[in-house]
Each structure stands twice: as C-alpha cells, then as structure tokens.
Amino acid sequence: HIRLLFVPEEINDDNFERACDVYGRLDMSNYDTVVIVESYDEKLDKKLPMASNSFFETPLGKVPVNDYMRNEFCDEDDDFFIHDEAFTKDISLFQQLMFLQTLSDDFKALSVQIADPDPAIVKEIGYVLEEVLASRSTLLIYCCEVDNDRKKEFKRVVQMVEDKNQSGLMNYLNSGDSCIKGTTAFIAGIIVAKKWGLDL
C-alpha cells in the first residue's frame with residue numbers, strides 16, 4: 001500500500017482534480033497516523049518545529065494529534081521541538097487534513113515544518129522520519145509543487161532521482177532553478193522513499 005505522498009502545498013482550482021485523484025488512491029484503514037511535512041519560508045532557531053496542539057480543527061471537524069509519536073520525535077533528535085512559531089491557520093496542513101477527513105474519521109495527525117534550508121537539517125529529518133516510522137502504520141505526506149509548465153526542470157529532477165544523484169539533486173533544488181516550491185519537504189520525502197525502497 002501507499003506509504004508516502006507528494007501533494008501540492010496549495011490545492012486550488014487548477015490542481016483540485018489531481019489532488020482528488022491522488023488522495024482517492026488511499027485506503028485509510030492502513031494508517032493510524034498521518035504525518036504532514038511542509039517547508040517553512042523563514043529560518044527559525046527551532047529548525048524542525050512541531051505544533052503543540054492536542055488536535056487540529058478544520059471545517060470538517062477535529063483530528064487528534066498523536067502526542068506519543070510527537071514526543072518520540074523530540075526525544076530522538078535535538079532539532080525537533082514542540083514549538084508554535086511557524087504554526088498558522090494558512091499552512092498546508094489544514095488543506096491536506098480535509099481531504100483525509102473525507103476518507104476517514106479515525107486517524108491521528110502530526111505536523112512537522114522544516115524551518116531551515118541547510119542540507120544537513122533536511123537530511124536529518126529524512127533519516128529520523130525513516131527510522132522512527134519504518135515499522136509504523138503511518139502515512140507520510142510531503143507538501144511541495146512544481147508549475148505544470150516547468151516540464152524540462154521536472155524531467156531533470158526525475159532523472160537525478162532515478163540516478164540516485166542525491167548531492168546533485170540537492171544542489172539543483174537549493175539553487176532555485178528547479179522552480180519547485182517546498183524543496184526541503186520534497187528532498188526529505190525523496191530520502192525516505194529511497195531508504196524504504198519505494199517505487200517513485
């Protein structure tokens with residue numbers, strides 16, 4: 001079953017049908033927790049903040065937070081913090097949760113934001129997520145997107161992923177030439193997918 005999704009940061013009229021198609025492939029009975037990872041545009045001292053909420057609320061209702069797993073992440077590494085500085089009502093988390101809520105009302109959620117573009121931090125979150133969640137019934141969702149007109153840039157990204165050229169990929173993404181939004185979340189997702197041997 002699907003263990004990891006790459007989804008648009010912002011779901012709008014242009015990509016709504018595609019988002020429905022992506023989420024429609026899920027069987028939510030496979031997961032007890034969904035971890036939503038997104039990039040934060042500003043650099044913070046707390047490099048990997050996780051919201052302190054006991055639940056997340058959307059117009060479709062409340063989704064409880066997996067507090068045990070959140071504490072496990074914060075115990076695992078010094079860069080994970082329960083911290084709300086990057087948490088606002090406008091983050092991608094709430095859009096993703098509404099799609100999930102149309103599929104199930106029986107899951108928990110976690111929000112992780114990457115608030116430092118340093119490649120070492122991005123690799124770190126990839127490795128920690130891979131290690132902590134390897135044997136869990138968890139769905140990982142990475143919020144990132146590329147303009148549909150940027151086919152040449154996306155083909156280059158795909159080629160580097162297939163060639164397992166991680167350093168070249170990170171350099172290209174961090175240069176801004178790929179035009180991918182949410183590059184840190186994208187890279188972290190690629191790291192986990194490769195570690196788990198997933199077919200991308």
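In the block above lies the structure referred to throughout.
Everything in this summary refers to the structure shown in the same document.

Reading guide: rules and limits
- Residues numbered from 1 in each chain as written.
- Predicted model: local features only at pLDDT ≥ 70, side-chain atom pairs only at ≥ 80, totals over all residues.
- Heavy atoms only, no water.
- 1 Å grid on protein atoms, 1.4 Å probe; cavity = no way out; pocket = protein on both sides within 12 Å on 5 of 7 lines; lining within 4 Å.
- Points joined across faces, edges and corners; volume = space filled by probe spheres on them.
- Helix = DSSP H or I, 4+ residues; strand = E, 2+ residues; numbered from the N terminus.
- Nonpolar A, V, L, I, M, F, W, Y, C, P; charged D, E, K, R; others polar.
- Salt bridge = Lys/Arg side-chain N within 4 Å of Asp/Glu carboxyl O.
- Buried < 20%, exposed > 50% of the residue type's maximum accessible area, 1.4 Å probe, protein only.
- Arc of directions from axis to C-beta.
- Contact = heavy atoms within 4.5 Å.

1. What about the layout of surface pockets?
Considered as a void within the structure, the largest pocket measures approximately 1,400 Å³ in volume. If you go around the largest pocket, you meet 36 residues; those closest to its centre are Phe6, Val7, Arg18, Val146 and Phe154. When contributions to the lining of the largest pocket are tallied by element, the ones reaching two or more residues are β1 (4–7), α1 (16–23), β9 (145–146), α5 (151–162), β10 (180–181) and α7 (183–195). In terms of residues, the lining of the largest pocket owes the most to one element, α5, which gives six residues. Its residues placed into classes, the lining of the largest pocket shows 21 nonpolar, three polar and twelve charged.

2. Some words on the environment of Asp147
Among the secondary structure elements, Asp147 is positioned in the loop between β9 and α5. Each C-alpha atom of the pair Asp147 and Ile180 lies 7.4 Å from the other, and the pair is 33 residues apart in sequence.

3. Details of the pattern of salt bridges
According to the stated counting rule, one finds seven salt bridges in the structure shown. Among the ionic pairs, Asp90 bridges to Lys89, the shortest N-O distance being 3.4 Å. Assigned by exposure class, Asp90 and Lys89 land together as exposed. Linked by salt bridges that have partners in common, Arg18, Asp21 and Arg25 make up one network.

4. Some remarks on α1
Burial in α1 covers these residues: Ala19, Val22 and Tyr23. Buried positions in α1, seen along its axis, are confined to an arc of 90° and lie on one side of it. Pointing more than 90 degrees away from the buried face of α1 are the exposed residues Glu17 and Arg18. Looking at the buried residues of α1, the elements they touch are β1, α3 (93–101) and β8 (138–143).

5. Structural notes on the environment of Val22
Within the fold, Val22 resides in helix α1. We classify Val22 as buried; its relative accessible area is 14%. Expressed as a C-alpha distance, the spacing of Val22 and Val7, which sit 15 residues apart in the sequence, is 7.9 Å. Val22 has contacts with Leu5 and Val7, leaving out every residue within four places of it along the chain.

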